[in-house]
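Observations on the model geometry
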2 protein chains.
Amino acid sequence: MPLRAIKPQHETRTRILDAAEELFMQHGFEGTSMRALTTRAGVNLAAVNYHFGSKDALIEAVFRRRLDPMNAERISALEELERPEPEAIIRAFLRPSLRMIEDAKSGERNFIRLLGRTYTEPTKGIRALIGQMYAPAMERYKNALERALPQMPRDELVWRMHFMFGTLAYTLAATDTVQLIAGCKPEDRYDARLLEDRLTAFLAAGLHAPLTSSIKKAA
Amino acid sequence: MPLRAIKPQHETRTRILDAAEELFMQHGFEGTSMRALTTRAGVNLAAVNYHFGSKDALIEAVFRRRLDPMNAERISALEELERPEPEAIIRAFLRPSLRMIEDAKSGERNFIRLLGRTYTEPTKGIRALIGQMYAPAMERYKNALERALPQMPRDELVWRMHFMFGTLAYTLAATDTVQLIAGCKPEDRYDARLLEDRLTAFLAAGLHAPLTSSIKKAA
DNA sequence: GTCTATAGTCAGATAGAC
DNA sequence: GTCTATCTGACTATAGAC
């Protein structure tokens, strides 16, 4: 049997998802037309509506394809930790997303940047969707950090998790053209291991920051 | 002379800018039509083109109105520091933007959320514009932190500034509907002073985080 | 400076042949 | 499943009266 006979079951779907990932990342959801998208994918204009039903449903599919496995990986990485200390928990959370920036060949790098941008997406529906997909992993990580840091007021922990999440989101979304602070070594940007070390050092220190009197008072 | 005779010089301009701030925040740039915008502002459809020339020029004006004064404030706050230690530098940077979230009456709160979102905006022109407006303040803060932390490798400092910036951006952009981590006290969200304390504690600790061997090796 | 009316373009979606 | 052709609506921008 010739190899060519094994044709991907949904090649057109995949081509559309890959093109959508790239163009949504570059131009945003509203800025990407169905025409541009189907042209890039090399498929017919009507294919998106045939396979996904609508542009909105395509957006949802783009996130589901990668986000559900990524969060499943986060959950299993957390469960496999023998000694769930804060630093290890942070690394377990960071790794699945950082690994994607190294993969320039498949669209994972596109996706991870798109994701970083979408945390602050204006459209309500998309935010709700993302929140829903993250919820199970978030709940477990929150519980794990509460156990690892029993002395931390719960409100303050939630804020610090927000801060950690923001740092990751921004780091993932940043592109070569966003250089608010000049002087970044471009080659370090795609070194997931080094970035993980940098982020972990920064975030673990922030998580352990001493509680000032105003913070204690608010708790 | 009746008070009503004192009419703001460019009332229409201001109404447009306020409406743009709000709608851009809610629906993004592409998602906000001139029709929706002028209707909300209570002005004629043609007014945007008359006063600003185009939709793009309006977007630029929205940012210039608040960002230029905000960064000027950052620069003067930095220059007024007697002992420029890291924590004081961080506070000087955070304060002008956090103060805006308390002001629910004028559009400043809208603006600051819009700004948080725009750091990761896909459109190249807008990113370049924002970068340009930030450049003078960024350069000075970078220099101040380099002097305050002489033992820190320059590359690592630049990364940590990126992380700090991301944390701030995400915190500003987050709305009531974005609740990736459940359990945030809503009333704390608009307390700028408490938020400044929380952010400063977290960021200062991150900035001082010990350098791991992999980070030292990369420097 | 403000308005109406409209030009000119492009969007997302679909009907129906193959 | 894939295609062409096309519908309907919305968009930005502008011309020209007041």
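Scope of this entry: the structure provided in the associated data block.

About the criteria used
- Residues numbered from 1 in each chain as written.
- Chains lettered and ligands numbered in written order.
- Predicted model: local features only at pLDDT ≥ 70, side-chain atom pairs only at ≥ 80, totals over all residues.
- Heavy atoms only, no water.
- Contact = heavy atoms within 4.5 Å.
- Buried area = accessible area lost by both parts, 1.4 Å probe.
- Salt bridge = Lys/Arg side-chain N within 4 Å of Asp/Glu carboxyl O.
- Polar contact = N/O pair within 3.5 Å; in protein donor to acceptor, adjacent residues only side chain to side chain.
- Helix = DSSP H or I, 4+ residues; strand = E, 2+ residues; numbered from the N terminus.
- Nonpolar A, V, L, I, M, F, W, Y, C, P; charged D, E, K, R; others polar.
- Near = heavy atom within 4 Å.
- Buried < 20%, exposed > 50% of the residue type's maximum accessible area, 1.4 Å probe, protein only.
- Axes fitted to C-alpha atoms, helices over the stretch in contact; angles between N-to-C directions.
- Left-handed = near helix turned anticlockwise from the far one by under 90°.
- Parallel < 35°, antiparallel > 145°, perpendicular 65-115°, else oblique.
- Least-squares fit on C-alpha atoms with pLDDT ≥ 70 in both.
- Phe/Tyr/Trp six-rings, centres within 6.5 Å; stacked < 30°, edge-to-face > 60°.
- Expected span 1.5 Å × (residues − 1).

1. Structural notes on the interface of chain B and chain A
- The partner chain A presents 63 residues to the 61 residues of chain B that form the contact.
- Summing both sides of the interface, chain B and chain A together bury roughly 5600 Å²; the carbon and sulfur share of this comes to 70%.
- With a closest N to O distance of 2.7 Å, E156(A) and R198(B) form a salt bridge.
- Linking chain B with chain A are five residue pairs in polar contact (both at pLDDT 80 or more).
- Where the side of chain B that touches chain A is concerned, the elements lending two or more residues are α1 (11-27), α7 (124-148), α8 (154-173), α9 (192-207) and α10 (213-218) of chain B.
- For the side of chain B that touches chain A, the leading source of residues is α8(B), giving 16 residues.
- Residue composition of the side of chain B that touches chain A, grouped by class: 32 nonpolar, 16 polar and 13 charged.

2. Describing the protein's contact with DNA strand C
- Looking at DNA strand C, there are 15 residues lining it, with M34(A), R35(A), K55(A), N44(B) and H51(B) nearest.
- Atoms of DNA strand C within 4 Å of the protein: sugar and phosphate make up 53%, bases the balance.
- In the model, a phosphate oxygen of DNA strand C is placed 3.5 Å from a nitrogen or oxygen of the T32(A) main chain.
- N44(B) is positioned such that a nitrogen or oxygen atom in its side chain is 3.0 Å from a phosphate oxygen of DNA strand C.

3. Focus on the environment of A104(A)
- Within the secondary structure layout, A104(A) lies in the loop between α5 (86-102) and α6 (108-118).
- Here the alpha-carbon distance between A104(A) and L180(A), two residues 76 residues apart in the chain, equals 24 Å.

4. Digging into the side chain of R66(A)
All names here are of chain A.
- With respect to the element layout, R66 can be found in helix α4 (residues 55-79).
- We classify R66 as buried; its relative accessible area is 11%.
- Within the local environment of R66, its side chain forms a polar contact with the side chain of E21, the two groups lying 2.7 Å apart.
- In this structure, R66 is in contact with D18, E21, M100, G107, E108 and F111, ignoring residues within four places of it in sequence.

5. Looking at the pattern of salt bridges
Residue and element names in this part refer to chain A.
- On inspection of all chains with the given rule, the structure shows 35 salt bridges over all chains.
- Where E196 meets R91, a salt bridge forms, and the shortest distance between an N and an O atom there is 2.8 Å. Taken together, the residues E196 in helix α9 (residues 192-207) and R91 in helix α5 connect sequence positions 105 residues apart. Comparing E196 with R91, the two get one shared label, buried.
- Where salt bridges share partners, they join E87, R91, R95, R193, E196 and D197 into one cluster.

6. Section: the environment of Q132(A)
- Within the fold, Q132(A) resides in helix α7 (residues 124-148).
- In sequence terms Q132(A) and E108(A) are 24 residues apart; their C-alpha atoms lie 21 Å from each other.

7. Focus on the packing of helix α8 (residues 154-173) of chain A against α9(B)
- The interhelical angle for the contact between α8(A) and α9(B), taken along N-to-C directions, is 65°, at an axis separation of 11 Å. As α8(A) packs across α9(B), the resulting crossing turns out to be right-handed. Between α8(A) and α9(B), the residues in contact are D155(A), E156(A), W159(A), R160(A), F163(A) and M164(A) and L195(B), R198(B), L199(B), A201(B) and F202(B), respectively.
- Looking at the contact of α8(A) with α9(B) residue by residue, the classes come out as seven nonpolar, no polar and four charged.

8. Topic: the packing of α5(A) against α7(A)
Residue and element names in this part refer to chain A.
- α7 packs onto α5 with a crossing angle of 165° between their chain directions and a minimal axis gap of 10 Å. With respect to each other, α5 and α7 are oriented roughly antiparallel. Crossing angle aside, the handedness with which α5 passes α7 is left-handed. Residues P86, I89, A92 and F93 of α5 touch α7, and the partners they reach there are M138, Y141, A144, L145 and A148.
- Its residues placed into classes, the contact of α5 with α7 shows nine nonpolar, no polar and no charged.

9. Remarks on the protein's contact with DNA strand D
- Neighbouring DNA strand D are 15 residues, the closest being T12(A), N44(A), H51(A), M34(B) and R35(B).
- Taking the atoms of DNA strand D that fall within 4 Å of the protein, sugar and phosphate contribute 53% of them.
- A distance of 3.1 Å separates a phosphate oxygen of DNA strand D from a polar side-chain atom of N44(A).
- Between M34(B) and DNA strand D, the recorded distance is 2.6 Å, taken from a backbone N or O atom to a phosphate oxygen.

10. Description of the relation of the copies chain B and chain A
- Rotating chain B by 180° and moving it 0.0 Å along the rotation axis overlays it on chain A with an RMSD of 0.1 Å. Here the symmetry operator amounts to a two-fold rotation axis.
- When the interface residues of chain B are mapped onto chain A, 100% of them are again interface residues, pointing to one common binding face.

11. What to know about the packing of aromatic side chains
Residue and element names in this part refer to chain A.
- For the structure on display, the rule yields 22 aromatic pairs over all chains.
- With centroids separated by 5.0 Å and ring planes inclined at 75°, the aromatic side chains of F93 and Y141 adopt a geometry described as edge-to-face. Placement of the pair is F93 in helix α5 and Y141 in helix α7, with a sequence separation of 48 residues. Like F93, the residue Y141 is buried in the burial classification.
- Between Y134 and F165 the ring centres are 5.5 Å apart and the planes differ by 85°, which places this aromatic pair in the edge-to-face class. Highlighted residues: Y134 in helix α7 and F165 in helix α8, separated in sequence by 31 residues.
- Residue classification places Y134 among the buried positions, given a relative accessible area of 0%.
- On the basis of relative accessible area, F165 is assigned to the buried category, the value being 4%.

12. Considering α5(A)
Residues and elements named next belong to chain A.
- If you check α5, its first and last C-alpha atoms are 25 Å apart, about what 17 residues at 1.5 Å a residue would give, namely 24 Å.
- Burial within α5 is extensive, with twelve of its 17 residues counted as buried.
- Within α5, the full set of buried residues consists of P86, I89, I90, R91, A92, F93, L94, P96, S97, L98, M100 and I101.

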